Amino acid sequence: MIPQSKIDEILQVATIEEVVGDYVRLKRRGANLTGLCPFHNEKTPSFSVSPAKGIYKCFGCGKAGNSVNFVMEHDGLGYIEALKSLADKYRIEWPQQENVNIDHEKAIRSEKESLQILNNWAADYFENQLWESDEGKTIGLSYFEERGFRHDIIKKFKLGYSLESWSHLNDTALAALYNEDLLLKAGLVKKSEQGKVYDAYRGRVMFTIHGHTGKVIAFAGRQLKKDDKSAKYVNSPETLLYHKSNELYGLFYAKNAIRQNDFVYLVEGYTDVISMHQAGIENVVASSGTSLTENQIKLIKRHTENVTVLYDGDAAGIKASMRGIDMLLEQGLNVKVVPFPDGEDPDSFSRKVGADAYSSYLKKETRDFILFKVKLLLTDVANDPIKKAQVTRDIVESIGKIPDGIKRMAFIKECAVLLDMNEGLLIAELNKYRNDFLTQKEKEWVEPTIDTPKVSLQEELKELLKVEPLFEQERYMVKLLLLHGHKEKEGYANIAQYILAEMQNLELFFEQEAMRLLVDEIRFMLQENLPLHTEAFINHSNPLISASTASILAQQDEASEKWTIKYGVPIVSPEDNYLLDISSTMLYLEKKQLEKMTSQAGEELKLAIEKGNEEEINFSLELIKLLKEKQKELSHKAGIVILH
Ligand code: ZN
């Protein structure tokens, strides 16, 4: 690790205007400098440099960061390499042992690049075998055709075939000058105990796995022979490009449809995803057989808060996956399920009934997960009081994981009716569970592990900040944290602690991943009593943090004026009166959350009425009632703020 003091030293000497000035002709405009962006083509300057803050930001393509980020992006270097190149240029002494890190970083970068090139080659190879070779056509292609996959869909997902040969892929790859070591690392070939190298996917149909940015990162090969005793699927090993628990199959092809529909179908397998696309439903991803991980859920949350789980089979099948579904609730997602007839999965069922009937089945049979769970568990209870107590606990646990208090209350009210139980008793049980749950969570809280960017820094940043316009006020709150977090506040360690405590009281959450990244870091720094000055974030040793900070600080703040006017709060510059700014932003976030929940509940009510589902109708009505009460309280509070 490079010591923070060294990073600070480099950034102090390698000022942003000098570093950028070597590549871009900058003109002064007020406190800032502007020029033509070196990262995208433009005729009028939208690239801005702030010497005071030590950052750059392009308002055309969104790239942002400090001096180190600029060199990384401009010269295509790793983080430590970029620091070293600045140190060399500005004659700053470089710690001896860090040369090892540079070599390591270079090696990783070049291995990553080589793996990427090899994967692209292999995807073309498998596709080629499927469409061009006799074996591929008669065995592979006809298998997909029997499953009912259309040719356009087979091509879209880059499905392929691996010949039933011990060495065809290996020979072809070696002839194309790929080295054996890399082939082994990518998992395309394996080595026997006798040291013989052989093709890993012999005689299998191939699924190409794309990362969420569309790059080919891995493969899965499915066996075709019934008597085959080997594994049904052979998957790529973990590589520098592929971390199975961080990926969702199909996400790259689903992104747009998820945004349009504001929900995603979660299925289990590759073929489920593909057959959904074929039925015209594109907002679908798969956890690919493994149980859902926290990182996968975070990935979903980048795109939507609404998940409909389509797991194999009937009620019993869903029962088996309930734990995994609870994890979704815990992350604040709204969860629904669709049960299928016994023995059917999303793939088999859509083939059986056809595209139209399938999509209307999904619409009609979508159920709220918690209400579905209550009814499902109640069928086993009959008049057994012990079983009923068990079921109650089980349901309270699920409800207790929902981060939003208003929603928890609405569920409690509806479940009290369904369970035929006193509401007060359920609330008491819920509170007890919440206490234990929160204490447990606090214990589990650890320093956020932040991976250094997987793709290029700016690619990752762009992905992180993509939903930007939707979260103006959230971003503004983070900006207030970054600018004023270190200042004093009576009764708290500082402003940052005050803001985070208030937000927790109000059950407000940062939805946007880039914001959570920064807020987690702020929490960590608070816990460790580290100083929270703005420079600590701009100079941060994680390039994702420094670049997000730059992007947030460079953003213009007209937005804040808009919402303060709406509230009747006098416009003040954040420097003059940041406390007022904080409370009006807090109010706005609360208001926005309530509005969003109310409109969602309204949509749900409409759907429930269409389906004629009584529990869901009652639940939605209850939720809307609670939300209205909350809104009244809020406008009262807003009135008080105005009087100040
Ligand atoms: Zn640009």
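All of the points below concern the structure found in this document. (Residues numbered from 1 in each chain as written. Predicted model: local features only at pLDDT ≥ 70, side-chain atom pairs only at ≥ 80, totals over all residues. Heavy atoms only, no water.)

Secondary structure summary: the chain contains 29 helices and 16 strands in total. Taken against the 2.2 N^0.38 rule, which gives 26 Å for 644 residues, the C-alpha radius of gyration of the chain at 28 Å falls within 12% of a compact globule. With respect to the three principal axes, the spread of C-alpha positions in the chain is 75 × 70 × 45 Å. The burial tally for the chain puts 52% of its 644 residues in the buried class. A sequence separation of at least 24 residues applies to 68% of the contacts in the chain between residues at least 6 apart. By element, 51% of the accessible surface of the chain is carried by carbon and sulfur atoms, the whole surface being about 30,200 Å². (Helix = DSSP H or I, 4+ residues; strand = E, 2+ residues; numbered from the N terminus. Rg over C-alpha atoms; globule rule 2.2 N^0.38 Å. Buried < 20%, exposed > 50% of the residue type's maximum accessible area, 1.4 Å probe, protein only. Contact = heavy atoms within 4.5 Å. Areas by Shrake-Rupley, 256 points an atom, 1.4 Å probe, with all protein chains shown as cover.)

This part takes up the packing of aromatic side chains. The tally for this structure, following the rule as stated, stands at 32 aromatic pairs. Ring geometry for Phe144 versus Phe207: centroids 6.0 Å apart, planes at 85 degrees, classification edge-to-face. Within this pair, whereas Phe144 is found in helix H6 (residues 134-146), its partner Phe207 is found in strand E9 (residues 204-210), the two being separated by 63 residues in sequence. When sorted by exposure, Phe144 lands in the same class as Phe207, which is buried. Residues Phe157 and Tyr249 carry aromatic rings whose centres are separated by 6.4 Å and whose planes lie at 35 degrees to one another, so their mutual orientation is tilted. On the criterion of sequence distance, the pair formed by Phe157 in the loop between helix H7 (151-156) and strand E6 (160-162) and Tyr249 in the loop between strand E11 (233-235) and helix H10 (251-261) is long-range, its members being 92 residues apart. The same class applies to Phe157 as to Tyr249, namely buried. Through a chain of ring-to-ring contacts, the aromatic side chains of Tyr143, Phe144, Phe149, Phe157, Phe207, Tyr233, Tyr249, Phe252, Tyr253 and Tyr270 assemble into a single cluster. Stacked on the ring of Trp166, the Lys or Arg Arg202 has its end atom at 3.6 Å from the ring centre. (Phe/Tyr/Trp six-rings, centres within 6.5 Å; stacked < 30°, edge-to-face > 60°. Lys NZ or Arg CZ within 6 Å of the ring centre and 35° of its normal.)

Next up on the list: the packing of helix H22 (residues 472-484) against helix H23 (residues 495-505). Where H22 meets H23, the axes come as close as 8 Å, and the angle between the chain directions of the two elements is 155 degrees. Taken together, H22 and H23 sit at an angle that is classed as roughly antiparallel. When H22 is examined against H23, the residues Met477, Leu481 and His484 are found in contact with a partner set consisting of Ile495, Ala496, Ile499, Leu500 and Met503. Classifying every residue of the contact of H22 with H23 by side-chain character gives seven nonpolar, one polar and no charged. (Axes fitted to C-alpha atoms, helices over the stretch in contact; angles between N-to-C directions. Parallel < 35°, antiparallel > 145°, perpendicular 65-115°, else oblique. Nonpolar A, V, L, I, M, F, W, Y, C, P; charged D, E, K, R; others polar.)

All right, on to the pairing of strand E4 (residues 55-58) then. Side chains Ile55 and Lys57 project from E4 onto one buried face, and the interleaved Tyr56 and Cys58 project onto a second face that is buried too. Looking at chain direction, strand E3 (residues 47-50) and E4 are connected through four bridges and run antiparallel. Note that in E4 the partner of Phe47 across the bridge is Cys58. Here E3 folds back onto E4, and the loop between the two strands holds four residues, one of which, Gly54, carries a positive phi near 80 degrees. Both E4 and strand E5 (residues 64-65) contribute to a ladder of two bridges, which runs antiparallel. Within E5, the position partnered with Tyr56 by the bridge is Gly65. Here E4 folds back onto E5, and the loop between the two strands holds five residues, one of which, Gly62, carries a positive phi near 85 degrees. (Pairing = 2+ DSSP bridges.)

Running from N to C, helix H24 (residues 513-527) and helix H26 (residues 543-554) point in directions that differ by 110 degrees, and their axes come no closer than 10 Å. The angle between H24 and H26 places the two elements in the roughly perpendicular class. Judged by the twist between their axes, the crossing of H24 over H26 is left-handed. Contacts between H24 and H26 pair Met515, Leu517, Leu518 and Glu521 from the former with Leu544, Ile545, Ser548, Thr549 and Ile552 from the latter. Looking at side-chain class alone, the contact of H24 with H26 contains six nonpolar, two polar and one charged residues. (Left-handed = near helix turned anticlockwise from the far one by under 90°.)

Take the sheet that holds strand E1 (residues 27-29) next. Taken together, five strands build an open sheet; the order of strands is E1-E2-E3-E4-E5 and the sheet is antiparallel. Because the sheet does not close on itself, it has two edges, and the strands there are E1 and E5. Bridge analysis of E1 against strand E2 (residues 32-35) gives three bridges, and the strand direction is antiparallel. In the sheet register, Lys27 faces E2, and the bridge partner there is Thr34. Contacts from H26 reach E4 and E5, with the element oriented near 70 degrees to E4.

Consider a sheet: its strands pair through backbone hydrogen bonds, and that pairing is either parallel or antiparallel. Across the sheet, which stays open at both edges, the five strands sit in the order E13-E12-E14-E15-E16 with mixed pairing between neighbours. Strand pairing shows two members of the sheet lacking a second neighbour, strand E13 (284-286) and strand E16 (367-368), which therefore form its edges. The pairing of strand E12 (residues 264-267) with E13 spans three bridges and is classified as parallel. Each residue of the ladder has a partner; that of Val267, found in E13, is Ala286.

Tallied over the entire structure, the rule returns 31 salt bridges. With a shortest N-O distance of 2.8 Å, Glu81 and Arg109 are connected by a salt bridge. Taken together, the residues Glu81 in helix H4 (residues 79-89) and Arg109 in helix H5 (residues 98-132) connect sequence positions 28 residues apart. Arg109 gets classed as partly exposed once you look at its relative accessible area, which sits at 27%. Residue Glu282 pairs with Lys156 through a salt bridge whose shortest N-O separation is 3.4 Å. Taken as a pair, Glu282 in the loop between helix H11 (270-278) and E13 and Lys156 in helix H7 lie far apart in primary sequence, 126 residues in all. (Salt bridge = Lys/Arg side-chain N within 4 Å of Asp/Glu carboxyl O.)

A few words now on H26. Compared with an ideal rise of 1.5 Å per residue, which puts 12 residues at 16 Å, H26 spans 16 Å between its outermost C-alpha atoms and is within 8% of the ideal. If you check which residues of H26 are buried, you get Pro543, Leu544, Ile545, Ser546, Ala547, Ser548, Thr549, Ala550, Ser551, Ile552, Leu553 and Ala554. Its side-chain oxygen at 2.7 Å from the backbone nitrogen of Leu544, Asn542 defines the N-terminal cap of H26. (Expected span 1.5 Å × (residues − 1). Polar contact = N/O pair within 3.5 Å; in protein donor to acceptor, adjacent residues only side chain to side chain.)

Note that all results are geometric; they support no functional claim without further evidence.
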